[in-house]
Amino acid sequence: MKKPNVFVWILLSSSLLYTLGALALTQSLMIEGYARETPPGAPMSAAYLSLHNTGKQPLQLTAVELPGGVEGAVNLHTTERERGVNRMRPLEKLSIAAGEKLQMMPGGIHLMIHGVRLQAGDTLPLRLLFDDGSSLEVVVPIMGRDGLEKEHHHHHGGAG
């Protein structure tokens, strides 16, 4: 009689747990956002996400990547005001408490996109990496300056 292969069972079990963990993550994190087109002559651009943790556990975003062989890099950043001057600082991670929303915005927390030219009307794929080893892929629209101004006026136009 053949003995069951314990290694295969452990591998299958851990794969199933990882898949269930990724599924739970996608069900507990609502994401919206956009990237700005790269300005003429600029080496980088930025993206802004809204991350709403609808789950019961805190989440730690540790990195963001450009998936699928896309050249370039993404870094987590924040802007801090120091002696009257705004300075960008890298972040190692972002914490999103259970039931809370983290809102990235110009002049605050954002994603710096290096080494890839972003064109308005295109989309940008992003892979979000979390401290538990899970990841989540999202696609955000790339907005031009005109589109951002229209969006801003649309949301604030009737407010007086």
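## Examining the packing of aromatic side chains
How two aromatic rings sit relative to each other is given by the distance of their centres and the angle of their planes. Going through the model one piece at a time under the given rule, you end up with 1 aromatic pair. On the basis of an interplanar angle of 45° and a centroid distance of 5.4 Å, the ring pair of Tyr34 and Tyr48 is categorised as tilted. Of the two residues, Tyr34 is situated in strand 1 (residues 29-36) and Tyr48 in strand 2 (residues 44-53); the sequence distance between them amounts to 14 residues. Judged by relative accessible area, Tyr48 falls into the buried class, the value being 6%.

## Regarding the environment of Arg117
Along the chain, Arg117 falls in the loop between strand 8 (110-114) and strand 9 (123-130). Since its relative accessible area comes to 44%, Arg117 is described here as partly exposed. If near-sequence neighbours (up to four positions away) are discounted, Arg117 is found in contact with Thr38, Pro39, Pro40, Gly41 and Ala42. In terms of polar contacts, Arg117 uses its side chain to reach the backbone carbonyl oxygen of Pro39, at 3.2 Å.

## Brief notes about the nonpolar core
Formed by 29 residues in total, the largest nonpolar core has its most connected members in Leu51, Leu111, Leu124, Leu126 and Leu128. Listing elements by their share of this core, those giving two or more residues are strand 1, strand 2, strand 3 (59-65), strand 4 (73-82), strand 6 (94-96), strand 8, strand 9 and strand 10 (135-143). The leading source of residues in this core is strand 2, at 5 residues. If we ignore the near neighbours within four places in the chain, the residues touching Leu128 are Ile31, Leu49, Leu51, Leu61, Ala63, Val64, Ser134, Ser135, Leu136 and Val138.

## Details of the pairing of strand 10
In this structure, strand 1 lies alongside strand 10, joined through 2 bridges in parallel fashion. Directly across from Arg36, in strand 10, lies its bridge partner Met143. Pairing of strand 9 with strand 10 involves 7 bridges; the strand directions are antiparallel. Bridging across to strand 10, Leu129 finds its partner in Ser135. Between strand 9 and strand 10, which pair antiparallel and follow one another directly, the connecting turn spans 4 residues, one of which, Gly133, has a positive phi of 95°.

## Digging into the pairing of strand 5 (residues 85-90)
Alignment of strand 4 against strand 5, held across 6 bridges, turns out to be antiparallel. Across the sheet, His77 pairs through a bridge with Pro90, a residue of strand 5. Connecting strand 4 to the antiparallel partner strand 5 that follows it, the hairpin turn spans 2 residues, and Arg83 within it adopts a positive phi of roughly 55°.

## Regarding the environment of Met30
By the element assignment, Met30 lies in strand 1. Sequence separation between Met30 and Ser50 is 20 residues; the distance between their C-alpha atoms is 7.9 Å. Those residues in contact with Met30 that lie beyond four places of it in its chain are Ser50, Leu51, His52 and Thr54.

Rules used throughout
- Residues numbered from 1 in each chain as written.
- Predicted model: local features only at pLDDT ≥ 70, side-chain atom pairs only at ≥ 80, totals over all residues.
- Heavy atoms only, no water.
- Phe/Tyr/Trp six-rings, centres within 6.5 Å; stacked < 30°, edge-to-face > 60°.
- Helix = DSSP H or I, 4+ residues; strand = E, 2+ residues; numbered from the N terminus.
- Buried < 20%, exposed > 50% of the residue type's maximum accessible area, 1.4 Å probe, protein only.
- Contact = heavy atoms within 4.5 Å.
- Polar contact = N/O pair within 3.5 Å; in protein donor to acceptor, adjacent residues only side chain to side chain.
- Core = buried A, V, L, I, M, F, W, Y, C linked by side-chain atoms within 4.5 Å.
- Pairing = 2+ DSSP bridges.

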